[in-house]
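Observations on the three-dimensional arrangement
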Amino acid sequence: MSKKISIVNQKGGVGKTTTCVNLAAALTAQGKKVLVIDFDPQGNATSGFGIEKNKSPNIYDAVIGNVPLSKAIYKTKWSDVSPSNKGLSGATIELINLERREYRLKDAIQEVDPLYDYIFIDCPPSLEILTLDALVAADSLLVPVQCEYYALEGLADLLYTVRRAKRSLNPKLEMEGIVLTMYDGRTNLSLQVAEEVKRHFPGQVFASVIPRNVRLSEAPSHGLPVTAYDPLSRGSEAYKLLASEFISRYH
């Protein structure tokens, strides 16, 4: 059985997909079997692994079209990936009329569950039906929080949605942890935000922090995780450390 982790924050631009792609790649490099499910219609995790967004079948076909998920998975050097594209945005409407609509992703994953150590679900930056499906399918949540103003803004809404999902749909859902991203130790702001997040979420913040790093920004345009694009960069080293902490801290 795999550990299923939804990477979620309804705020955009917090390093959610960057964390999904690079943590998955770093865990694969440590010998883990990893699947990334791109559940965001923007398809950024898909292109981050160098996969064309028009690949078919994809996660939309598995969730809406009843195609086995195993048919919608593509292998890369850094992780197996079930891709998405803007067609997934239509699922928000189509799911409304389907039976077990909140369980479609969970049901799809069951077929491949035994094949992986970790399954990461990259969620859209919103609290809607796709995110709810991802919360129901997950064992735990990984929440990237950027070290900038308003870092905690919106987290109350996220936690309300999580509590609602846990109460009515997935009582086993847990918080895996919070990852601080876009950290700049030279600024008081980053230090203050880090302390504030730790105060609000004691014991739930990973010690490994993700720095501001131009290589992290460049890597997706080459269709590569940063660990492949520039293995010696600060961004790459940070995700390697996070992967090690991830394994040792919880598993």
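Our subject is the structure listed above.
These numbers were taken from a predicted model, which means no experiment stands behind them.

1. Overview of the overall build of the protein
Looking only at helices and strands, one finds eleven helices and seven strands in the protein. By the compact-globule yardstick of 18 Å for 251 residues, the protein fits well, its C-alpha radius of gyration being 17 Å. The principal-axis extent of the C-alpha atoms belonging to the protein is close to 50 × 40 × 30 Å. A burial count over the protein gives 55% of its 251 residues as buried.

2. Some thoughts on helix 8 (residues 188–200)
Here helix 8 spans 18 Å end to end across 13 residues, near enough to the 18 Å set by a 1.5 Å rise per residue. For helix 8, the elements touching its buried residues are strand 6 (140–146) and strand 7 (174–181).

3. Some words on the nonpolar core
Nonpolar side chains tend toward joint burial in soluble globular proteins. One finds Ile37, Phe39, Ile59, Leu69, Leu105, Ile121 and Val197 to be the most contacted residues of the largest nonpolar core, which totals 49 residues. Broken down by element, the residue count for this core peaks at seven residues, all from helix 6 (residues 129–137). Non-local contacts of leucine 105, meaning those with residues more than four positions away in its chain, are made with Ile37, Phe39, Ile59, Val63, Ile121, Asp133, Ala134 and Ala137. Core analysis: the second largest hydrophobic core is formed by 32 residues, Val21, Ala24, Trp78 and Ala219 among them.

4. Side note on the sheet that holds strand 6
In spatial order, the strands read 3-4-2-5-1-6-7; together these seven strands make up an open sheet with mixed pairing. Bordering the open sheet on either side are strand 3 (74–75) and strand 7, each of which pairs with just one other strand. As judged from the three bridges shared by strand 1 (residues 3–7) and strand 6, these two strands associate in the parallel manner. Each bridged residue has a counterpart across the sheet, and for isoleucine 7 the counterpart in strand 6 is leucine 142. Across the sheet, helix 1 (residues 16–29) is in contact with strand 1, strand 2 (34–38), strand 5 (118–122), strand 6 and strand 7; its angle to strand 5 comes to roughly 165 degrees.

5. A few points about the packing of aromatic side chains
Evaluation of the coordinates by the stated rule reveals five aromatic pairs. Summarising the aromatic geometry, the rings of tyrosine 118 and phenylalanine 246 are spaced 5.4 Å apart at their centres and angled 70 degrees between planes, so their arrangement reads as edge-to-face. Linking tyrosine 118 in strand 5 with phenylalanine 246 in helix 11 (residues 234–250), this pair joins segments that are 128 residues apart in sequence. Owing to a relative accessible area of 4%, tyrosine 118 belongs among the buried residues under this scheme. Both rings, one in phenylalanine 120 and one in phenylalanine 246, keep their centres 5.9 Å apart while their planes meet at 45 degrees; by these two values the pair is tilted. You can see phenylalanine 120 sitting in strand 5 and its partner phenylalanine 246 sitting in helix 11, a full 126 residues away along the chain. Pairwise contacts between aromatic rings join Tyr118, Phe120, Phe206 and Phe246 into one cluster. For arginine 100, the ring lying beneath its charged end belongs to tyrosine 103, and the centroid distance is 4.6 Å.

6. Examining the pairing of strand 5
In terms of burial, strand 5 is a largely internal element, five of the five residues being buried. Judged by which residues are buried, strand 5 turns out to be covered on both faces: Tyr118, Phe120 and Asp122 on one side and Ile119 and Ile121 on the other are all buried. As judged from the five bridges shared by strand 1 and strand 5, these two strands associate in the parallel manner. Note on strand 5: the bridge partner recorded for serine 6 is isoleucine 121.

7. Some thoughts on the pairing of strand 7
Most of strand 7 sits out of view: six of its eight residues are buried. Across seven bridges, the pairing between strand 6 and strand 7 is parallel. Bridge pairing links valine 145 to leucine 180 in strand 7. For the handedness criterion, the β-α-β arrangement of strand 6, helix 7 (residues 155–168) and strand 7 is classed as right-handed.

Conventions adopted
Residues numbered from 1 in each chain as written. Predicted model: local features only at pLDDT ≥ 70, side-chain atom pairs only at ≥ 80, totals over all residues. Heavy atoms only, no water. Helix = DSSP H or I, 4+ residues; strand = E, 2+ residues; numbered from the N terminus. Rg over C-alpha atoms; globule rule 2.2 N^0.38 Å. Buried < 20%, exposed > 50% of the residue type's maximum accessible area, 1.4 Å probe, protein only. Expected span 1.5 Å × (residues − 1). Contact = heavy atoms within 4.5 Å. Core = buried A, V, L, I, M, F, W, Y, C linked by side-chain atoms within 4.5 Å. Pairing = 2+ DSSP bridges. Axes fitted to C-alpha atoms, helices over the stretch in contact; angles between N-to-C directions. Phe/Tyr/Trp six-rings, centres within 6.5 Å; stacked < 30°, edge-to-face > 60°. Lys NZ or Arg CZ within 6 Å of the ring centre and 35° of its normal. Right-handed = clockwise from strand over helix to strand, strands pointing away.

Geometry only, nothing functional implied.
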